[in-house]
Amino acid sequence: MRLLLVEDDAMIGRAVTAALRGEGYALDWVRDGAAALTALTCTGYAALLLDLGLPRRDGLDVLREARRAGKTLPVLVLTARDTVEDRVAGLDAGADDYLPKPFHLDELSARVRALLRRAGGRAGPLLRAGDVTLDPASGEVRLRGAPVALSAKEYALLRVLLQKPGALHPRERLLDALYGWGEEVGSNTIEVYVHGLRRKLGADFIVTVRGIGYRLAAAP
Ligand code: CA
């Protein structure tokens, strides 16, 4: 899952980036509102983490413009502007949730999980397809109840597939979801991780749709 962080404070930006990358998210970080709008136009993000006080374009402005452009991604506003009026303005501009600064990184990542859960149309915490479950809070993957050890990228790929278990996932979109800017991408990386997941979760778990991408066999 690829996230966009818009934050002009270097210390907060670095801390959030490290924390969320550590949980296997691909994360792009921009430091002003104009760059945020460009990034949102070019890349399909799973969620947006948005500061409000920003150079070049104000965060609320970014949010309104993204919503006007039809972007439906979930938005978590991170800001020190925490009067009731500010929160109401943010939510009314199209934010899904609001986290006042200073915040704890554990709470931030729990709120990101909650946003992705809702965006995936789920109310419960577990992602599942067939005999496979993934718990985004603990990072645990189980096959018929037994824990399975995955590499970081295998886990990230499985999480993307399980976010929309019934969908056909084009290969290009999977690459987009797994790698942020500046990350080295090999030509056959997705195939390598699919191979790894099949070996660990069952050869039939992921179906290749030739020329397009992949889908889960156990799709509901
Ligand atoms: Ca700021």
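Calculation rules
- Residues numbered from 1 in each chain as written.
- Predicted model: local features only at pLDDT ≥ 70, side-chain atom pairs only at ≥ 80, totals over all residues.
- Heavy atoms only, no water.
- Helix = DSSP H or I, 4+ residues; strand = E, 2+ residues; numbered from the N terminus.
- Contact = heavy atoms within 4.5 Å.
- Lys, Arg positive; Asp, Glu negative; His and termini not counted.
- Charge placed at Lys NZ, Arg CZ, Asp CG, Glu CD.
- 1 Å grid on protein atoms, 1.4 Å probe; cavity = no way out; pocket = protein on both sides within 12 Å on 5 of 7 lines; lining within 4 Å.
- Points joined across faces, edges and corners; volume = space filled by probe spheres on them.
- Axes fitted to C-alpha atoms, helices over the stretch in contact; angles between N-to-C directions.
- Parallel < 35°, antiparallel > 145°, perpendicular 65-115°, else oblique.
- Left-handed = near helix turned anticlockwise from the far one by under 90°.
- Nonpolar A, V, L, I, M, F, W, Y, C, P; charged D, E, K, R; others polar.
- Donors = N, O, S within 2.8 Å, 3.2 Å for Na, K, Ca; no water.
- Buried < 20%, exposed > 50% of the residue type's maximum accessible area, 1.4 Å probe, protein only.
- Domains from an automatic or database assignment.
- Buried area = accessible area lost by both parts, 1.4 Å probe.
- Salt bridge = Lys/Arg side-chain N within 4 Å of Asp/Glu carboxyl O.
- Polar contact = N/O pair within 3.5 Å; in protein donor to acceptor, adjacent residues only side chain to side chain.

## What to know about the overall build of the chain
Counting its regular elements, the chain contains eight helices and twelve strands. Taken over the C-alpha atoms alone, the chain extends approximately 50 × 35 × 30 Å along its principal axes. Restricting to contacts in the chain with at least 6 residues of sequence separation, those with at least 24 account for 58%. Between the centroid of the 31 positive side chains of the chain and the centroid of its 28 negative side chains there is a distance of 6 Å.

## A few points about the layout of surface pockets
Here the largest pocket defines a volume of roughly 700 Å³. Lining the largest pocket are 27 residues, with Gly44, Tyr45, Ala46, Lys164 and Arg173 sitting closest to its centre. Taken together, the elements giving at least two residues each to the lining of the largest pocket come down to helix 5 (105–119), helix 6 (152–163), strand 10 (169–170) and helix 7 (171–178). Broken down by element, the lining of the largest pocket gets its largest block of residues, five residues, from helix 7. Considered as a void within the structure, the second largest pocket measures approximately 160 Å³ in volume.

## Regarding the packing of helix 2 (residues 33–42) against helix 3 (residues 59–68)
Two elements in contact, helix 2 and helix 3, have axes whose closest approach is 9 Å; the angle formed by their N-to-C orientations is 20°. With respect to their mutual orientation, helix 2 and helix 3 come out roughly parallel. Helix 2 and helix 3 meet at a crossing whose hand is right-handed. Contacts from Gly33, Ala36, Leu37 and Leu40 in helix 2 reach Val62, Glu65 and Ala66 in helix 3. When its residues are assigned to classes, the contact of helix 2 with helix 3 shows five nonpolar, one polar and one charged.

## Comments concerning the coordination of the calcium ion
Ideal donor angles around a metal are set by the shape: a four-donor tetrahedron calls for 109.5 degrees, a six-donor octahedron for 90 or 180 degrees. Summarising the metal site, the calcium ion is bound by the protein donors Asp8 (OD), Asp51 (OD) and Gly53 (O), whose distances to it range over 2.1 to 2.3 Å. Its relative accessible area of 33% is what places glycine 53 among the partly exposed residues.

## Remarks on the domain arrangement of the chain
If you check the domain split of the chain, you get domain 1 (2–119) and domain 2 (127–216). Averaged C-alpha coordinates put domain 1 and domain 2 at centres separated by 25 Å. At the interface, 15 residues of domain 1 touch 13 residues of domain 2. Of the roughly 1,000 Å² buried at the junction of domain 1 and domain 2 (both faces included), carbon and sulfur atoms supply 45%. Taken together, the connections running from domain 1 to domain 2 amount to one salt bridge. Run the count over domain 1 and domain 2 and you get seven residue pairs in polar contact (both at pLDDT 80 or more). Mapped by element, the contributors of at least two residues to the side of domain 1 that touches domain 2 are strand 2 (26–30) and helix 5. The biggest single contributor to the side of domain 1 that touches domain 2 is strand 2, with four residues. Looking at side-chain class alone, the side of domain 1 that touches domain 2 contains eight nonpolar, three polar and four charged residues.

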